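# Coordinates in review
So the chains spell out like this:
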Amino acid sequence: MTSHIGVLRLARYDRRDLRGDLMGGMTVTAYLIPQVMAYSALAGLPAQVGLIVIVITMVLYALIGSSHLLSVGPESTTALMTAAVLAPLALGDASTYAAMAALLALLVGGYALLAGVLRLGFIGDLLSKPVLIGYMAGVGIIMITSQLEKITGVDVAGNSFLEDISSFARGAVAGEGNWPTVVIGLSVAGLLLWLTPRFPRVPMPLIIMLLATAVVAVFDLERYGVETVDPVSFSGLSFGLPSLDLSSVQLLLLPALGIFVVGYTDNVLTARAFATRSHSTVHNNQEFLAMGTANVGGSLVGGFPVSSSASRTIIAEASGARTQLYSLVSAALVVVSVLLFSSVISAFPKAALGGVVAYAAIRLVDVSEFRRLWRFRRREFLLAISATVGVLLFDILYGVLAAVAISVVELLARVARPHNAVLGQSPEVAGWHDVDDYPDTEQIPGLVIFRYDSPLFFANAEDFAAKCRAAIDEAVPPPRWFVLNMDGNTEVDITGLDALEDVRRYCEDRGIVMALDHVKQEVRRMLDRHGVGLRIGRDRMYPTHPTVVAAFQEWERQHPA
């Protein structure tokens, strides 16, 4: 148990955060109720299922999760995947559908808990900063398109970003839409963008939401097509462990794995993005355990698979929330609201909720970070763009996987052609340095010390051997000793060591003594297992440059030219 677990952080709670957490909890509650109802319907389940699931999952994540702000519960991607998986399996039977949804959540939770126990959290470290920036931008754009129907009244029917855009364009051209709805949705988003930066400590999303609700009520805008949220309740919910029917488990094992991968990817990317903004830390293995517990908890109340919500998290942050206490506040307010104020909730205009989400989504597209990447390195900028495009074209899982693959290829390209140097001593700077960096460096005639700044492995083996041969051939006078400084060769594979053997033979054929220095203990064991270390000889492996120089000078005395 360490301090990154939520319950331990809450035990050390700083009361100075209380006001912000209370405001964040109230603001998030104001729009998560209709949001999770919509996601529940999207998953093919009664709207109130989403309400009990959000209560359970927010509490569990607040106690177990490592993120200070992440909001975990029903979200659009896992809801869509749930519906896509279960619709052809349940064959229209509502009770079968509900039972399989809960079982699906249980299996997703089981995968996450297993990954946490096996400590597979290193997977999250493959997601670089450009991938994070591009991913969040893609999520933000998808969030905006997901609210087009609420904000404009145009019927949007699609299962992807491109389908949503195409459907919206057709409807807009055909003259669909509702002008009062458009005015409310855009006014809410515009007011939030204008006022929130000017009054950062005022819960603007909550105030503007209540103002929009009042406007709809006073002017009776429902008569003009402005839609409001339907009444809600906790009636008709089921509790208990899902049925573990063997045939259903077999059918759902693979789909559950896919949803788990998508959910965890979403979870860790979103958590890390907000951790960067708040200068905190996310622990990947703890996120597995938190996600697993949340999904298992959701399954026990007849729920469906859950992950994180970037929109709820960004709104919590914008409202002043600083810790997971806001999630506990929000969970409590959901219960109170459903039990006591269902009539008030039903008056919320959907267009205003869409405006709040659109405002939150715009904040996820960090243009300044894209500019910073452009100035730093074009390849990293293109990596961020590829993550954004991948998320938009292929949805979250495949978009992020594509970006990670490009990131790995880009990394391989860099380590396949790393910096290399012949080393010498400068009279002005202590130590041994690249002769190209210091024109006044001095080399000991007959001794070439060469450094290759990368692990030796399959991707750079040929380049390594070629650079070694070039250093030997270009040396003036011709070398009598060739020394490989292995300070940067922290890892080796058999292909890299085969290349090292080629260099050894190249030296042997020319009567050149080959030696090594700064060899790591683990690398030395690999050299011996391969055989090239034994052929070079332990007596030709030196700990430092001075010991190499001393050995070379002693050898020269014994072997004069």
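The structure this text deals with has already been given above.
Residues numbered from 1 in each chain as written. Predicted model: local features only at pLDDT ≥ 70, side-chain atom pairs only at ≥ 80, totals over all residues. Heavy atoms only, no water.

## Section: the overall build of the protein
Put simply, the test is: Helix numbers and strand numbers start at the N terminus; a helix is a DSSP run of H or I with at least 4 residues, a strand a run of E with at least 2. The buried label applies to any residue whose accessible area, calculated with a 1.4 Å probe on protein chains only, is under 20% of its type's maximum; exposed applies above 50%, and partly exposed to all values in between. Pairs of residues are marked as contacts when any of their non-hydrogen atoms sit within 4.5 Å. In short, Shrake-Rupley with a 1.4 Å probe defines the accessible areas, and a residue's cover is counted only from the protein chains shown.
For the protein, the count of helices and strands is 23 helices and eight strands. Based on the C-alpha atoms only, the size of the protein along its principal axes is roughly 105 × 55 × 50 Å. Of all 561 residues assigned to the protein, the portion counted as buried reaches 53%. A separation of at least 24 residues holds for 80% of the contacts in the protein among residues at least 6 apart in sequence. Surface accessibility of the protein: about 25,100 Å² in total, with carbon and sulfur atoms responsible for 62%.

## Regarding the packing of aromatic side chains
Quick reminder of the rule: Two rings from Phe, Tyr or Trp (for Trp, the six-membered ring) form a pair when their centres sit within 6.5 Å of each other. Planes less than 30 degrees apart are called stacked, planes more than 60 degrees apart edge-to-face, and all others tilted. Placement of a charge over a ring requires the Lys NZ or Arg CZ to be within 6 Å of the ring centre, with the centre-to-atom vector within 35 degrees of the ring normal.
What the rule picks out here adds up to 12 aromatic pairs. Consider the rings of Phe457 and Phe458, whose centres lie 5.1 Å apart with planes at 80°: the pair is edge-to-face. Taking the relative accessible area as the measure of exposure, Phe457 reaches 14% and is therefore buried. Here Phe458 falls in the exposed class, since its relative accessible area comes to 55%. Three or more aromatic residues joined by ring pairs make a cluster, and in this case those are Tyr111, Phe260, Tyr264 and Phe288. Above the ring of Tyr506, the side-chain terminus of Arg510 is found at 3.5 Å from the ring centroid.

## Overview of unusual backbone geometry
Here Val476 and Pro477 are connected by a cis peptide whose omega angle stands at -5°. Mapped onto the elements of the fold, Pro477 is located in the loop between helix H19 (461-474) and strand S6 (481-485). Phi at His518 takes a positive value of approximately 55°, unusual for a residue other than glycine. Summarising the element assignment, His518 is placed in the loop between strand S7 (513-517) and helix H21 (521-530). Given a relative accessible area of 24%, His518 falls into the partly exposed group.

## Points about the pattern of salt bridges
We count it as follows: Basic side-chain nitrogens of Lys or Arg form a salt bridge, by our definition, when they fall within 4 Å of a carboxyl oxygen of Asp or Glu.
Under the counting rule described, the total for this entry stands at 19 salt bridges. Across the salt bridge formed by Arg504 and Glu501, the nearest N and O atoms sit 2.8 Å from each other. With Arg504 and Glu501 both in helix H20 (residues 494-509), this residue pair falls three residues apart, about one helical turn. Between Arg525 and Glu522 there is a salt bridge, with its nearest N and O atoms 2.5 Å apart. With a gap of three residues between them, Arg525 and Glu522 both fall in helix H21, about one helical turn apart. For Glu522, a relative accessible area of 41% corresponds to the partly exposed category. Via salt bridges that share partners, Glu501, Arg504, Arg505, Glu508 and Arg535 belong to a single interconnected network.

## Observations regarding the sheet that holds strand S8 (residues 541-542)
Which entries qualify depends on this criterion: Strands pair, by our definition, only if DSSP identifies at least two bridges between them. The convention used is that axes are lines fitted to C-alpha atoms, helices contributing only their stretch in contact, and that angles between N-to-C directions extend from 0 to 180 degrees.
Ordered in space as S4-S3-S5-S6-S7-S8, the six strands form an open sheet in which the pairing is mixed. Strands with a single pairing partner mark the edges of an open sheet, and in this sheet they are strand S4 (432-434) and S8. The sheet contact formed by S6 and S7 spans five bridges and is parallel. Its bridge partner being in S7, Val483 is matched across the sheet by Ala515. Against the sheet, H20 touches S6 and S7, its axis set at about 140° to S7. In the packing of helix H23 (residues 545-558) onto the sheet, contacts are made with strand S3 (420-425), S4, strand S5 (447-452), S6, S7 and S8, and the angle to S6 comes to roughly 170°.

## Side note on the pairing of S3
Across four bridges, the pairing between S3 and S5 is antiparallel. Within S5, the position partnered with Ala421 by the bridge is Arg451. Across three bridges, the pairing between S3 and S4 is antiparallel. Across the sheet, the residue bridging to Gln425 is Trp432, located in S4. Between S3 and S4, which pair antiparallel in sequence order, lie six residues; one of them, Gly431, sits at a positive phi of approximately 95°.

## Side note on the side chain of Ser71
The condition is simple: Under this definition, polar contacts are N or O atom pairs within 3.5 Å; protein pairs additionally need one hydrogen-donor-capable and one acceptor-capable atom, and for neighbouring residues in sequence, both atoms have to be side-chain atoms.
Structurally, Ser71 is set in strand S1 (residues 71-73). Within polar-contact distance, the side chain of Ser71 engages the side chain of Arg312 at 2.8 Å. Filtering out sequence-adjacent residues up to four positions away, Ser71 remains in contact with Met58, Ser307, Ser308, Ser309, Arg312, Thr313 and Tyr326.

## Looking at the state of the cysteines
Selection criterion: Note on terminology: disulfide denotes any pair of cysteine sulfur atoms within 2.5 Å.
What the rule picks out here adds up to zero disulfides. The thiol of Cys468 is unpaired, and the distance to the nearest cysteine sulfur, on Cys507, comes to 7.9 Å.

From the geometry alone we can't say anything about function, so treat these as descriptive.
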